[in-house]
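Here are the chains, one letter per residue:
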Amino acid sequence: MEILAPFWEEDRDQDAIGGKKIIDRTFLSLSQITALSEQNVEGVQKKLEEFLNFKQLKTSLKEAILLDYYTAGFWWAKEMNFSLIQLSGFMDLLNFLLENLSDKNMTLGDNLKELGKAMAGIGETDSERSGDLNFFSIEQAKAIIDYLNISLFKHYKLYEYLFHSPREELVISNEDVIELAQPAVPPFPAQPEEGIPSDMYSSFIISPIAAETQSKGSDQESYLEEPCPEVESFEADAAAGVTAEDQKSAAGEIPNEIIGNLEAEINEKLQMQEAAYTLSKEKLKSPK
């Protein structure tokens, strides 16, 4: 309660008199407050997620923090045994202070002044001096201020950073630009076909010129492989004119000619070696 003492005494006479309304917006309707009061803490969180229309809790840090802020605040107020009207007023106060920070970018001091104005008139019997939260007792007001101190004001810089500091977006996907090879048009050569299935290569990669060349080459190979009737008839006539005796005589002449040449070559080498040996022997016998 001491944190508001300088501001409360300054503003309670200025703003409470005349019934000036500080919190001018209802955050949750009474029917929504009633539905929340019937839930456990997990149910409160689910209901608030629905009421506040939070759709990106898994990826939005701001939505997750706001949901935690309102859920914790409502559950604390419920454990304080606040009535439905008091629960509604407390949630209005939570939202009022947070909007001062997020929308109006108020400093901590200015927001404390606004809290003092909103809570002015608590415990007053004069209806003209009663404020927005006159349904709370002084003890309840002290507990509310203590809760706001530990939940919002001590973390004010963090909330300022959340609402007013730009943050880098994490890259959760990446786009790669792939440059495709030029088509097989001069001066660009055709792509290598290693490791590519032949059907894919012939369907998507091979150029029309190369395909035509390959088809011509295959036609020529098939033409060469096909037997020619004229050549076959000529070979048959040549083979028919050779008799069995001619084949035997030709087979006998070829080995005799080869063997004769080998014998002459061997004899020549032996004579040369013999002459060299004789010469070296005579040199040894002659006196020095």
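Residues numbered from 1 in each chain as written. Predicted model: local features only at pLDDT ≥ 70, side-chain atom pairs only at ≥ 80, totals over all residues. Heavy atoms only, no water.

Some points on the nonpolar core
Okay, step 1: Grouped together as the largest cluster of nonpolar side chains are 47 residues, with contacts concentrated most on Tyr70, Phe90, Met91, Leu93 and Ile144.
Okay, step 2: Here this core takes 9 residues from helix 5 (residues 84–102), the largest share from any one element.
Okay, step 3: Once residues lying within four places of it in the same chain are set aside, the contact partners of phenylalanine 90 are Gly73, Trp76, Ala77, Phe136, Ile144 and Tyr147. (Core = buried A, V, L, I, M, F, W, Y, C linked by side-chain atoms within 4.5 Å. Buried < 20%, exposed > 50% of the residue type's maximum accessible area, 1.4 Å probe, protein only. Helix = DSSP H or I, 4+ residues; strand = E, 2+ residues; numbered from the N terminus. Contact = heavy atoms within 4.5 Å.)

Thoughts on the packing of aromatic side chains
Okay, step 1: For the coordinates displayed, the defined rule picks out 10 aromatic pairs.
Okay, step 2: Here tyrosine 69 and tyrosine 159 contribute two aromatic rings whose centre-to-centre distance is 5.9 Å and whose plane-to-plane angle is 70 degrees, an arrangement assigned as edge-to-face. Of this pair, tyrosine 69 sits in helix 4 (residues 61–79) while tyrosine 159 is found in helix 8 (residues 156–164), placing the two residues 90 residues apart along the sequence.
Okay, step 3: The class of tyrosine 69 is buried, set by a relative accessible area of 5%. (Phe/Tyr/Trp six-rings, centres within 6.5 Å; stacked < 30°, edge-to-face > 60°.)

A look at the packing of helix 5 against helix 8
Okay, step 1: Packing of helix 5 against helix 8 brings their axes to within 9 Å, and their N-to-C directions diverge by 60 degrees. As far as their axial angle goes, helix 8 and helix 5 are oblique. As helix 5 packs across helix 8, the resulting crossing turns out to be right-handed. Here Leu98, Leu101 and Ser102 of helix 5 lie close against helix 8, whose contacting residues are Tyr156, Tyr159, Glu160, Phe163 and His164.
Okay, step 2: Among the residues making up the contact of helix 5 with helix 8, the classes are represented as 5 nonpolar, 2 polar and 1 charged. (Axes fitted to C-alpha atoms, helices over the stretch in contact; angles between N-to-C directions. Parallel < 35°, antiparallel > 145°, perpendicular 65-115°, else oblique. Left-handed = near helix turned anticlockwise from the far one by under 90°. Nonpolar A, V, L, I, M, F, W, Y, C, P; charged D, E, K, R; others polar.)

A look at the confidence of the model for the chain
Okay, step 1: For the chain, the average pLDDT comes to 76, and 60% of its residues sit at 70 or higher.
Okay, step 2: The lowest-confidence element of the chain is helix 1 (residues 5–15), averaging 46 in pLDDT; the highest-confidence one is helix 3 (residues 41–51), averaging 94.
Okay, step 3: Overall, residues 1–19 carries pLDDT values under 50, and its contacts beyond four positions in sequence, including any with other chains, amount to 39 contacts. (pLDDT = per-residue confidence, 0-100.)

Quick notes on helix 7 (residues 138–151)
Okay, step 1: In this model helix 7 runs 20 Å from its N-terminal to its C-terminal C-alpha over 14 residues, within 8% of the 20 Å that 1.5 Å per residue would give.
Okay, step 2: Within helix 7, the full set of buried residues consists of Gln140, Ala141, Ala143, Ile144, Ile145, Tyr147, Leu148 and Ser151. (Expected span 1.5 Å × (residues − 1).)

Details of the packing of helix 4 against helix 8
Okay, step 1: For the pair helix 4 and helix 8, interaxial distance at closest approach is 11 Å and the crossing angle is 140 degrees. Considered as vectors, helix 4 and helix 8 are oriented oblique to each other. Note that helix 4 runs across helix 8; the crossing there is left-handed. Contacts from Lys62, Ile65, Leu66 and Tyr69 in helix 4 reach Tyr159, Leu162 and Phe163 in helix 8.

Focus on the pattern of salt bridges
Okay, step 1: Enumeration according to the criterion identifies 3 salt bridges in this entry.
Okay, step 2: Two residues, glutamate 114 and lysine 117, come together in a salt bridge whose shortest N-O distance is 3.4 Å. Note that glutamate 114 and lysine 117 are positioned in helix 6 (residues 108–118) at a spacing of 3 residues, about one turn of the helix.
Okay, step 3: Residue classification places glutamate 114 among the buried residues on the basis of a relative accessible area of 16%. (Salt bridge = Lys/Arg side-chain N within 4 Å of Asp/Glu carboxyl O.)

Side note on unusual backbone geometry
A negative phi holds for most residues other than glycine; trans holds for most peptide bonds.
Okay, step 1: Unlike most non-glycine residues, asparagine 53 shows phi in positive territory, near 60 degrees.
Okay, step 2: As for its placement among the helices and strands, asparagine 53 is situated in the loop between helix 3 and helix 4.
Okay, step 3: Positive phi, normally seen in glycine, also occurs at asparagine 81, with a value near 60 degrees.
Okay, step 4: Locating asparagine 81 in the fold gives a position in the loop between helix 4 and helix 5.

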